[in-house]
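# Fold and geometry: a report
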Amino acid sequence: MRLSNVIPIALSALMRNKTRSFLTTLGVIIGVASVISMVAVGEGAKARVSNVFAAMGTNMLIVLSGSTTSGGVSGGFGSLPTLTWEDLRAIRTQAPAVQWAAPAQMTKVTIMAGEQNWTTSLTGTTPEFFDIRNWHIDRGSLLGDSDVEGASKVIVVGATVSEKLFGPGVDPVGKTVRIRSVPFLIVGLLQRKGQSPMGSDYDDATFVPITTFQNQVQGGLQKYISGIIAVSAVSAEDTTRAQSEITALLRDRHHLGAGDEDDFSIRNLTEIASAQQQGTQALTALLAAIAVVSLVVGGIGIMNIMLVSVTERTREIGVRMAVGAKPWHILAQFLAEAVTLSMIGGLLGVVIGSVMARVVASRLGWAYSARVDMIVVSFAFSALVGVGFGLYPARKASRLDPIEALRYE
């Protein structure tokens, strides 16, 4: 018996009982397919979370003003104006970790274009707001500094608003709309952002210069900002540092003592995104661990069948030894059968798992994200399962006494 004949002989032996061989590999197939599909779906979920928070804004912080308390009932953050325009200038110039900062004052309005009308959100802001939100222009231009300084009656619209007022595929740039009988010139159409994590439509929104908003739509509060301050850190790693710098800066400007509570609030969206991704990773790891258990169960099945095979082929083993086969030849043959079973199962598992992950990702609307390293590791692990659980039956076969094996009925 030559070493080169080990694999062909192993395949021939496995093909004698096709159904039994397939059922034996089923555990490995399920295990590998589960690992591949769960990890791929988990990666897709992580990518989805990253995309959702990227749509909300880049390294974004939201600074809210204080809260009111009346009759023992708190109005919540934002109900008491405590942030000033000087605070905004200080955040822009005195916080090194801050890249952009912009005010945002929002209300609901009905926009009219000819005979069409649509109720949507209107936000008064500055040009930095679009950099913070990572929101690019599709047609036309964004708001400019000159628009803010001159309180220009210009407006930038989202894709949904444009479709509702002018119809799909129509370029709204250059057209005029009315808000409370005041005409506004559309100067830009924003790129689509899709839905927020809560299901609201990002594209159902419009934007005007903050000065125009206060003059034509809703008056301001003189030195106080009646909305929020949106902030973007210079990088994701600096978001926490930017939050600390803003906190220290505002506490100093508002003359708050060591024991005084903040009269403002800062929401860190990067921390929320990180928590979401950590939760997704934990769930993926749990599911992958369960899938590994399936692989081990499949390996036990291989050991069981190989022990049965040794018993069934005792006389064959005796004949081979009688005509000159060495114990290591018998060991190699049965070990090759176990490894072949597990590798075939691993290969089928990779194919099935990849297809399952692609189908699930397609149904959920996620990007399919296969990890090549996990595919290689899963396939290699399936081969190790064959070696680990096939070694004992192979050793048992190689240690049979030739004379007793020939006498076996």
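The notes below deal with the structure included here. Values in this document were obtained by computation on a predicted structure and should not be read as measured data.

## Some words on the environment of Gln94
Along the chain, Gln94 falls in helix 3 (residues 85-94). Taking the relative accessible area as the measure of exposure, Gln94 reaches 51% and is therefore exposed.

## Digging into the packing of helix 10 (residues 314-322) against helix 11 (residues 327-364)
Orientation of helix 10 relative to helix 11, taken along the N-to-C sense of each, is 140°, at an axis distance of 10 Å. In terms of orientation, helix 10 and helix 11 fall into the oblique class. Seen along the crossing, helix 10 lies across helix 11 with a hand that is right-handed. Judged by residue contacts, Glu316, Ile317, Arg320 and Met321 of helix 10 engage Ile330, Gln333 and Phe334 from helix 11. Of the residues that constitute the contact of helix 10 with helix 11, the class distribution is four nonpolar, one polar and two charged.

## Some details on the pairing of strand 4 (residues 98-113)
Strand direction decides the pairing type here: strand 4 and strand 11 (residues 228-233), joined by six bridges, are antiparallel. What sits directly across from Ala104, in strand 11, is Ile228. As paired elements, strand 4 and strand 5 (residues 116-125) share ten bridges and run antiparallel to each other. Residue Thr107 lies in a different strand from strand 5, and its bridge partner there is Leu122. Taking the residues that link successive antiparallel strands as the turn, the strand 4-strand 5 hairpin has two residues, and the phi of Gly114 there is positive, at about 65°. Pairing analysis gives two bridges linking strand 4 to strand 8 (residues 176-179), with the strands arranged antiparallel. The residue bridging Met112 from the neighbouring strand is Arg178, located in strand 8.

Reading guide: rules and limits
Residues numbered from 1 in each chain as written. Predicted model: local features only at pLDDT ≥ 70, side-chain atom pairs only at ≥ 80, totals over all residues. Heavy atoms only, no water. Helix = DSSP H or I, 4+ residues; strand = E, 2+ residues; numbered from the N terminus. Buried < 20%, exposed > 50% of the residue type's maximum accessible area, 1.4 Å probe, protein only. Axes fitted to C-alpha atoms, helices over the stretch in contact; angles between N-to-C directions. Parallel < 35°, antiparallel > 145°, perpendicular 65-115°, else oblique. Left-handed = near helix turned anticlockwise from the far one by under 90°. Contact = heavy atoms within 4.5 Å. Nonpolar A, V, L, I, M, F, W, Y, C, P; charged D, E, K, R; others polar. Pairing = 2+ DSSP bridges.

Purely geometric stuff here, so don't read any function into it on its own.
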